[in-house]
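Structural description and commentary
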Amino acid sequence: MSTENLPGDPEISAAAAPGTGRRNVLRAAGLTALLGAAGATGVSQATAAERRRKKPSGDHDVIVIGAGFAGVTAARELSRNGLRPLILEAQNRIGGRTYTADFAGEQVELGGAWFEEGHPHAWKELLHYNQQLTTDQGPDVAFFPAEGGYRAYSPAEGFGRLAELVTPVFDGSREYFPRPLDPFAREDLVRPLDRLTLIQRINQLNLSPVDHSWVTGNLGGLSGGSARGSFTQMAQWWSLSDWDFAKFSSATSSRLVHGTAAFIQAMLADADADLRLNSPVSKVEDRGGHVCVTTGNGTTYRARAVVVAVPVNVWNRITFAPGLPKVYRTLADQTVAVPAAKKIWLHIRSAEGLFYAAGAEDAPGLGDVIPVQRLGDGHLAFAFSRDPRLGISNRRQIQESLRRWAPDAEVLAVRGHDWGNDPYARGGWTYKRPGQLTGALRTVQRPVGRLAFAGSDIATGWSGWVDGAIESGLRAAGQVLDR
């Protein structure tokens, strides 16, 4: 799922984001008719897929648990290799922690949304399925912490200063992450750093209180709390962004014209898999020669192998027999994805125009606000929050939080998703805790008996992004095929 950093000022981004021309390949490719009507949501798309050919419950080679990008990728690869996959999805839609919805007359993403050419697996799939990208509009003004509150800056001044403050956090990352897609290339250097929380690394810089608020406000929310998240997770993302602030901060600016729902539906159509929606899995029994999977309504399916493609945070909500090894159970208890994550879309009217706002990390309410586009009346923006008291549908409460930055701001409408309280996610975007990269990660990427595991949480490269989900789905499918 993605990140909380701003696309940045258009002039800064255009000058400093390499590969912009190549990104236009997708924009110029034209839209396909894979889904029929544009803007269809995950529910309606998945319903069409579910009506496809049905097999008896015992007539499947592999069961895939979860219809997010990891599960659908695995199902497609297995189908391409002659196997018959069944996908069991707990929700009434496909997409997992991506979620395309309608809001304020526009199509929005309530979960993961962004793509860049530096995402090797996702970029290949976007080209293959002829998906078109669009870039969000930059802000007119940016608000950052100041003594006694917040101050407005021009985007060039504000993000220029933010770049100066954030870049030193990752000094030395070219040495310890020389090949960012392989974070273990210099494990001797990474292992001691993996013990650090993000705040421990930031505190080493001895910043002034205001500058400290700038850095923790920008990086801390993304980590699920700078005292919770590992330093190495953020450092790997920085390195994957070519050790460049402009590219790092613009990673959340390019999204799909038809949404992630269109993208995953195209992949699902290619998978030729049976899909069962509203089928939460309650039990997985590896009986040696085959696996039995039981859903919440008591239906049992049987196959020779299973791909578990649900978030790590929910592994312990499924009964496995025999039980999962301790390292798997411990990782789920620790949590990998940010456990109290909310993403909220806002229809805003303000004299400030399109504004970006960065809150102090420990401030209640909205953590930050990122503009997307102008509307006929006001503009569209999204925000993140980890505040358990903030209601994702409470327009007045959200407006009060927003007025810390723009006192005249009027919130016309809101729509959000509370990922932490979603029983089938139990958290938002991936953000590993200290020790998980060099500790459990490689172990939980391995099969357990006839079970293979997938999900962006356990990706090696772009964990927390759709690219990581696809990476892990490819790996899990390969493990099933290698049996």
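Sequence order sets the numbering: in each chain, residues are counted from 1 along the sequence as written. It should be noted that, the model being predicted, local features are given only for residues of pLDDT at least 70 and side-chain atom pairs only at 80 or more, the latter also being counted only at that level, while totals for whole chains, interfaces and linings use all residues. Water and hydrogen atoms play no part in the side-chain values, which are based on all heavy atoms of the structure.

**Topic: helix α17 (residues 466–481)**
In this model α17 runs 23 Å from its N-terminal to its C-terminal C-alpha over 16 residues, within 8% of the 22 Å that 1.5 Å per residue would give. Categorising residues by exposure relies on relative accessible area from a 1.4 Å probe, with only protein chains included: less than 20% of the type maximum marks a residue as buried, more than 50% marks it as exposed, and the intermediate range marks it as partly exposed. Comment: elements are numbered from the N terminus, with helices defined as DSSP H or I runs of at least four residues and strands as E runs of at least two. Of all 16 residues in α17, 12 are buried; the element is thus mostly enclosed. Among the residues of α17, V466, D467, G468, A469, I470, E471, S472, G473, A476, A477, Q479 and V480 are the ones counted as buried. Close packing links the buried residues of α17 with β1 (62–65), α4 (69–80), α5 (120–128), α13 (259–271), β13 (305–308) and β20 (451–453). Here the expected length of a helix is defined as 1.5 Å per residue gap, with one fewer gap than residues. Throughout, a residue-residue contact means that at least one pair of heavy atoms, one from each residue, lies within 4.5 Å.

**What about the packing of aromatic side chains?**
Any pair of aromatic rings gets described here by the distance separating the centres and the angle formed by the planes. Put simply, two rings from Phe, Tyr or Trp (the six-membered ring, in Trp's case) pair if the centres are within 6.5 Å, and we call them stacked under 30 degrees between planes, edge-to-face over 60, tilted for the rest. On inspection of all chains with the given rule, the structure shows 27 aromatic pairs. For the pair Y328 and F453, a centre-to-centre distance of 5.1 Å together with 45° between the ring planes defines the contact as tilted. Here Y328 is found in helix α14 (residues 326–334), whereas its partner F453 is found in strand β20, with 125 residues between them in sequence. Summarising the burial analysis for this pair, Y328 and F453 share the class buried. For the ring pair W462 and W465, a centre distance of 5.3 Å and an interplane angle of 80° mean the geometry is edge-to-face. Side by side, W462 and W465 carry an identical accessibility label, which is buried. Only when the NZ of Lys or the CZ of Arg is both within 6 Å of the ring centre and within 35 degrees of the ring normal is a charge said to sit over the ring. Its end group placed over the ring of Y99, R93 keeps NZ or CZ at 3.9 Å from the ring centre. Above the ring of F184, the side-chain terminus of R442 is found at 3.8 Å from the ring centroid.

**As for α5**
Residues that lie three or four places apart on an α-helix share one face, since the helix turns once every 3.6 residues. Inspection of α5 places A122, W123, E125 and L126 among the buried residues, and these make up the whole buried set. End-on, the buried residues of α5 take up no more than an arc of 165°, which puts them together on one face. Opposite the buried face of α5, at more than 90 degrees from it, the exposed residues are K124 and H128. N130 sits one or two residues past α5 and shows a positive phi near 55°. It is the directions from the helix axis to the C-beta atoms that the arc portrays.

**A few points about the sheet that holds strand β17 (residues 368–374)**
Any two strands are treated as partners once DSSP identifies two or more bridges connecting them. Spatial strand order, β7-β6-β16-β17-β18-β15-β19: 7 strands in an open sheet with mixed pairing. Whereas interior strands pair on both sides, the edge strands pair on one side only; in this sheet they are β7 (149–153) and β19 (410–418). Neighbouring strand axes in the sheet, compared pairwise and without regard to direction, differ in orientation by 20° on average. Relative to β19, strand β15 (residues 342–349) is paired through 8 bridges, and the arrangement is antiparallel. Bridge pairing links R349 to E410 in β19. Relative to strand β6 (residues 141–146), helix α6 (residues 155–166) is tilted by about 45°, and along the sheet it contacts β6, β7 and β16 (355–358). Orientation is described by lines fitted to C-alpha atoms, with helices fitted over the stretch in contact, and by angles between N-to-C directions that extend from 0 to 180 degrees. Across the sheet, helix α10 (residues 209–219) touches β6, β7 and β16, and the angle it forms with β6 is around 125°.

**Things to note about the packing of α5 against α13**
Put simply, α5 and α13 touch, their axes get as near as 11 Å, and they point 75° apart. Judged by the inter-axis angle, α5 sits roughly perpendicular to α13. Contacts between α5 and α13 involve A122, E125, L126 and H128 from the first element and F263, M267 and D270 from the second. Gly is put with the polar residues, along with every residue not named as nonpolar or charged; the nonpolar set is Ala, Val, Leu, Ile, Met, Phe, Trp, Tyr, Cys and Pro, and the charged set is Asp, Glu, Lys and Arg. Of the residues in the contact of α5 with α13, the class split is 4 nonpolar, 1 polar and 2 charged. If an angle is under 35 degrees, it is roughly parallel; if it is over 145, roughly antiparallel; if it lies from 65 to 115, roughly perpendicular; otherwise it is oblique.

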